[in-house]
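# Structural overview
Listed below, chain by chain, are the residues.
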2 protein chains.
Amino acid sequence: MAPVERVATFDNDGTLWIEQPIYNQFTFAIDRVKATSNQRPEWKTQEPFASILKGDLKALAASGEKGMLEIVAATHSGMTTADFNKTVKEWLATAKHPRFKMRYTDLVYQPMIELLDYLRANGFKTFIVSGGGVEFMRAFADKTYGIPPEQVIGSSGVTKYQMWDASPVLIKMPKVLFVDDGPGKPEGIDHFIGRRPIFAFGNSNGDKEMLEWTAAGDGLRFMGLVYHTDAEREYAYGPAGGLPDSKVGTFSQALMDEATGKGWVIANMKNDWKTIFPAAKSNP
Amino acid sequence: MAPVERVATFDNDGTLWIEQPIYNQFTFAIDRVKATSNQRPEWKTQEPFASILKGDLKALAASGEKGMLEIVAATHSGMTTADFNKTVKEWLATAKHPRFKMRYTDLVYQPMIELLDYLRANGFKTFIVSGGGVEFMRAFADKTYGIPPEQVIGSSGVTKYQMWDASPVLIKMPKVLFVDDGPGKPEGIDHFIGRRPIFAFGNSNGDKEMLEWTAAGDGLRFMGLVYHTDAEREYAYGPAGGLPDSKVGTFSQALMDEATGKGWVIANMKNDWKTIFPAAKSNP
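A few points on the structure. (Residues numbered from 1 in each chain as written. Chains lettered and ligands numbered in written order. Predicted model: local features only at pLDDT ≥ 70, side-chain atom pairs only at ≥ 80, totals over all residues. Heavy atoms only, no water.)

## A few points about the sheet that holds strand β6 (residues 222-227) of chain B
Residues and elements named next belong to chain B. Spatial strand order, β4-β3-β2-β1-β5-β6-β7: seven strands in an open sheet with mixed pairing. Whereas interior strands pair on both sides, the edge strands pair on one side only; in this sheet they are β4 (167-178) and β7 (265-268). On average, each strand axis in the sheet is tilted by 30 degrees relative to the strand beside it, whichever way the strands run. Strand direction decides the pairing type here: strand β2 (residues 125-133) and strand β3 (residues 152-164), joined by three bridges, are parallel. Within β3, the position partnered with G133 by the bridge is S155. Against the sheet, helix α9 (residues 184-193) contacts β1 (7-10), β2, β3 and β4, and its axis sits at roughly 130 degrees relative to β2. (Pairing = 2+ DSSP bridges. Helix = DSSP H or I, 4+ residues; strand = E, 2+ residues; numbered from the N terminus. Axes fitted to C-alpha atoms, helices over the stretch in contact; angles between N-to-C directions. Contact = heavy atoms within 4.5 Å.)

## Some words on the interface of chain B and chain A
Listed per partner, the contact involves 34 residues of chain B and 34 residues of chain A. Of all residues in chain B, the largest losses of buried area upon contact with chain A belong to E150, Y161 and H191 of chain B, amounting jointly to 25% of the total for that side. Ionic pairing is found between R195 of chain A and E150 of chain B, a salt bridge with its closest N-O pair at 2.7 Å. One can count 20 residue pairs in polar contact (both at pLDDT 80 or more) joining chain B with chain A. Elements supplying a minimum of two residues to the side of chain B that touches chain A: β2, α7 (134-138), β3, β4, α9 and α10 (208-215) of chain B. Tallying contributions element by element places α9 of chain B first for the side of chain B that touches chain A, with six residues. Each residue belonging to the side of chain B that touches chain A can be placed in one class, and the counts come to 17 nonpolar, six polar and eleven charged. (Buried area = accessible area lost by both parts, 1.4 Å probe. Salt bridge = Lys/Arg side-chain N within 4 Å of Asp/Glu carboxyl O. Polar contact = N/O pair within 3.5 Å; in protein donor to acceptor, adjacent residues only side chain to side chain. Nonpolar A, V, L, I, M, F, W, Y, C, P; charged D, E, K, R; others polar.)

## Points about the pairing of β3 of chain B
Sheet topology note: the β3 of chain B/β4 of chain B ladder contains eight bridges and is antiparallel. In the sheet register, G157 of chain B faces β4 of chain B, and the bridge partner there is V176 of chain B.

## A few points about the relation of the copies chain B and chain A
Superposing chain B onto chain A takes a rotation of 180 degrees plus a shift of 0.0 Å along the axis, which leaves an RMSD of 0.0 Å. Such a turn and shift between the copies fits a two-fold axis. Minimal C-alpha distance to the rotation axis in chain B is attained by F192 of chain B, lying at 3.4 Å. Residue by residue, 100% of the interface of chain B is reproduced at the interface of chain A, so both copies engage with the same surface. (Least-squares fit on C-alpha atoms with pLDDT ≥ 70 in both.)

## Section: the packing of aromatic side chains
All names here are of chain A. Within this structure, the stated rule accounts for 49 aromatic pairs over all chains. With centroids separated by 5.4 Å and ring planes inclined at 50 degrees, the aromatic side chains of Y109 and W273 adopt a geometry described as tilted. Taken as a pair, Y109 in the loop between α5 (81-94) and α6 (110-121) and W273 in the segment after α12 (269-272) lie far apart in primary sequence, 164 residues in all. Of the two residues, Y109 and W273, both sit in the buried class. Among the aromatic side chains, those forming a connected cluster through ring pairs are W17, F28, F84, W91, Y104, F136, F140 and Y145. When the ring centre of W213 is taken as reference, the NZ or CZ atom of R196 above it lies at 3.9 Å. (Phe/Tyr/Trp six-rings, centres within 6.5 Å; stacked < 30°, edge-to-face > 60°. Buried < 20%, exposed > 50% of the residue type's maximum accessible area, 1.4 Å probe, protein only. Lys NZ or Arg CZ within 6 Å of the ring centre and 35° of its normal.)

## Concerning the pattern of salt bridges
The tally for this structure, following the rule as stated, stands at 28 salt bridges over all chains. When the shortest N-O distance is used, the salt bridge between R40 of chain B and E42 of chain B registers 2.7 Å. On the basis of relative accessible area, R40 of chain B is assigned to the partly exposed category, the value being 31%. Residue class for E42 of chain B comes out partly exposed when judged on its relative accessible area of 34%. Salt bridges sharing partners connect three or more residues here, namely K208, E212, E258 and K262 of chain A.

## A word on α5 of chain A
Along its 14 residues, α5 of chain A runs 20 Å from first to last C-alpha, staying within 8% of the 20 Å computed at 1.5 Å per residue. Here α5 of chain A has its buried residues at T81, F84, T87, V88, W91 and L92 of chain A. Burial along α5 of chain A is one-sided: seen end-on, the buried residues are contained in an arc of 130 degrees. Of the exposed residues in α5 of chain A, those oriented more than 90 degrees away from the buried face are A82, K86 and T94 of chain A. Summarising the contacts, the buried residues of α5 of chain A are in contact with α1 (24-36), α4 (64-75), α7 (134-138), β3 (152-164) and β4 (167-178) of chain A together with α9 of chain B. (Expected span 1.5 Å × (residues − 1). Arc of directions from axis to C-beta.)

Shown next, in the form of C-alpha cells:
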C-alpha cells in the first residue's frame, strides 16, 4: 500500500498511557476544582463539587458519569483555548500519579512509543483517536508521542470566536461538539482524517468499532488491543479472562472473544512487555 | 519559525478554484436532484426540487439559502460515505462548467497551485479551510492540490456508524455538525488543526475571521486575498472597488478597507496573474 494510505490510529488512555485508578484528565479536572474553588463559593454546597472540596472521593464516585461530566464542563470552559492549554501544561509539569509518584507523561508505555516510532519510520502517519478531550491531549502529544496537534482526534466542546480588547480569542463553551468514543471513533476518523486506517490499536470496549472499521477495509490490516494483566508493574483489569472488572477502560469478555475470533493481536502486558514505562529522566 | 509550526490555510471556492456563477458544489447538488428524481416522485410538486426539475433556475434562486440548504441536505445524506465519495468523483470526471466547458478540477488557479507547491517546498503543511462540504472537497483535493484528506477542513454533517450485512458503514445523516465559514473558520482551525496558521489566503467576507486569527499570532505572518477583477478571463465581482455585487464570494468594501489598512496582500487577478487556469490536458 502506498505510504499516503498508511494511516495508523491509537487510542490514548490505557493504550499509550496509564488510565488507572481514574482517567488522568479527570484527575486534572478534580485538581482544577480545588485550585479555582475560591472563585466559586457556591461549590462549597453544590454537588459534586462539595465532595471534591471535602476530599470525599467516595461521594464523588457516587455522582457517577453525570457528576464527572459536570466537573469536566465546569473546568474545561469559560476560558480561552490559549489559557486552557497553558493550564494543562502547568498541571502536567507538576502533578504526580498517586501510586507511581511520577509525572503522567512519564507513565506512557515504552513498547507503544517504540511501535509509534517504528510505524513512522516505515511511512505511516500516526494519529490518536481517543475519547479524551482533544485540547487536553494536544498539550502533550507532540512532545510525548511525536504526534502533532492536527493528528490528535478526541472529544471536543464548542468554541466561540470573539474579540477581546481588539484581539481575537476562542472561548471554550460548556457545550459538547463531538464525543469520540465507541461508534464515535470511526465517525471521528472519517470526520477528521477522511481515510480508513490500516492499523489500529486500542485497549477497551470503546475501541471495538474503531477496530471493526479498520478491519473492514481491503488488503492487509492490523488490529491490536493492550490487555492490562500486570497488577504488579501496572494494573490488571478486564473483566476479560476473569480479571477484576473496571469502570475505567473496561475490556469485556465479549471483546476478547471477538478479538481472538477475528485474529486481532492481544498485547498481554505481563507476558509480552519487558518494559512498561520508559526510564523516567525527569523523576527521582 | 520551526517547520513544525509552518501551517498555511487556504479557502477553496474562489481562492483555489472557480466559484461563479454558483458554487460548484451547488451545481453538483442540482445535478444530483435531476439524476435521482425518478426515485423521488414527490419532488415533482415539492419546492425547491420542482423548480430544478422544470429547469426554472430563476424560481430556484428565489428559494434562497434555505432552498439551497434543502437541496444539499437531500442530496448529501441517506447514503454511505463511500457511495457519496464515488458519486462526487464520477461527477467531477464528467461535469463541465457552463461557461468554460471544462471540468471543474481544471478550473483551478495556476498561481495558487504554484503557491501551494512553493510553500510545501519550504516546509509548510498546507490545509484547506473552506465553507464547502469536507467530503466533497476530499474527493479531489489530494489529486488536484496535493492536499491529503486529513488536511481538508470544511463544513460537515453528522455520520452514523452502522452494520450493513455484517459490514460496518458510515451513513451520512441530514444533520449539520459544523459550519466552517466566517467565525467558524478559526473555530474549525482550532478544532481540526489545533495550531494557529502563520499563512492564510481567502477571497471573501467569509475569510475575514480566518485572516484576523492568523494575523493575531506572534512573529511574521502572511494574510492574502484573491480579488476577482478579470471579467474577460474569469469573473469580476466585489462589490469592493465598485465591482458588481455578488452573493457568491462577496468581497465587501469593508473587507477591502480592513485588508489594505492592515497590509494584507491583495492578489488582483487581472493585473497580477499572467495565467488563470492551468493548461488543461484533459480538455479539448
